[in-house]
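# Overview (structure and organization)
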Amino acid sequence: MRIARFTTGEEPQYGIVTGEVDEFGQPAEDTTIVALAGDPLYVGIKLLAEEHKLSDVRLLAPVLPRSKVVGIGRNYADHAAEMGNELPSEPLLFLKPNTTVVGPGDPIFYPAQSQRVDYEGELAVVIGRICRDVPVEKATDVIHGYTIGNDVTARDLQKSDVQFTRAKSFDSFCPLGPWIETDLDPATFADGVKIQTYLNGDLVQDGTTADLVFDIPTLVAYVSSVMTLLPGDVILTGTPAGVGPMQVGDEVEVSVAGIGTLTNKVAQR
């Protein structure tokens, strides 16, 4: 099931996206979205007698984290190597405020304080219920679904600050979308799911979730041992090698097989 958040020009709504998604993450022409009565995280799946063509609506960020986005650093060996870093012995956590979240098609704003802003395509995990100290074997019980994220980073500020907060926290630095896929099994990611990023149509990241240093159940268990996770919180699971700079006017697309494609353009703030 693909759960989206959308607008037809009125108040935002939630809906179920029908139809197939091709290997490039693009929906079929006859894809529709059936409206739901409220946020399914809190009221469950309650269909309304309201249906729209997907092409007639504007998709929004599929979830608005109530408290936080948790990032995982250096969770692909090839990315750690390209940045000149050693692999961590346990998950490396950082936080992005929920004000970084934007949706598909929204601009990524280039801040005046930075001279280098990088894309980082990632698989994102959406938490479905309040939880703390989740055992690894129970991790799937607290996962609402999966979406695509772009952990946008002001790389020069990350290096000068020697920590991640400012570099990761500018408004618009966490595009999410296009929807949440609820029916994927974490075992699928262990077998290997493609994550690809395109910059102005050129393939720049080509990774697979089989190369995750710490798998998704381990991440959920570890993060929840540190902090309480709330419904709608997001865990960004890390980025494969190939990160690089974006310029104003660039378009970046992040695709995860079985989910879809998240597209955003870079704009001057």
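Keep in mind the model is a prediction, meaning the values are calculated, not measured. (Residues numbered from 1 in each chain as written. Predicted model: local features only at pLDDT ≥ 70, side-chain atom pairs only at ≥ 80, totals over all residues. Heavy atoms only, no water.)

A few words now on helix α6 (residues 216-226). Along an α-helix, residues three or four apart share an orientation, since each turn contains 3.6 residues. Buried within α6 we find I216, P217, L219, V220, A221, V223 and S224. Turning to α6, the residues buried within the fold contact β6 (69-73), β7 (92-96), β11 (121-127), β12 (143-150), α5 (186-191) and β17 (234-236). (Buried < 20%, exposed > 50% of the residue type's maximum accessible area, 1.4 Å probe, protein only. Helix = DSSP H or I, 4+ residues; strand = E, 2+ residues; numbered from the N terminus. Contact = heavy atoms within 4.5 Å.)

A few words on the nonpolar core. Grouped together as the largest cluster of nonpolar side chains are 38 residues, with contacts concentrated most on L123, Y146, I216, V220 and I235. The set of elements that each furnish at least two residues to this core consists of β1 (2-7), β3 (32-36), β6, β11, β12, α6 and β19 (251-256). Here the element with the most residues in this core is α6; it accounts for four residues. In this structure, L123 is in contact with Y146, T147, F189, I195, T209, I216, I235, L236, T237, V256 and I259, ignoring residues within four places of it in sequence. Grouped together as the second largest cluster of nonpolar side chains are 14 residues, Y110, F173, L199 and M246 included. (Core = buried A, V, L, I, M, F, W, Y, C linked by side-chain atoms within 4.5 Å.)

Turning next to the pattern of salt bridges. The tally for this structure, following the rule as stated, stands at twelve salt bridges. The partner of D106 in a salt bridge is R58, and the shortest N-O contact between them spans 2.7 Å. Pair noted here: D106 is in the loop between β8 (101-102) and β9 (108-110) and R58 is in strand β5 (residues 58-60), with a separation of 48 residues, a long-range link. R58 sits in the partly exposed class, given a relative accessible area of 45%. For K194, the salt bridge identified is with D206, shortest N-O distance 2.8 Å. (Salt bridge = Lys/Arg side-chain N within 4 Å of Asp/Glu carboxyl O.)

Function-wise, these values are silent; they only describe arrangement.
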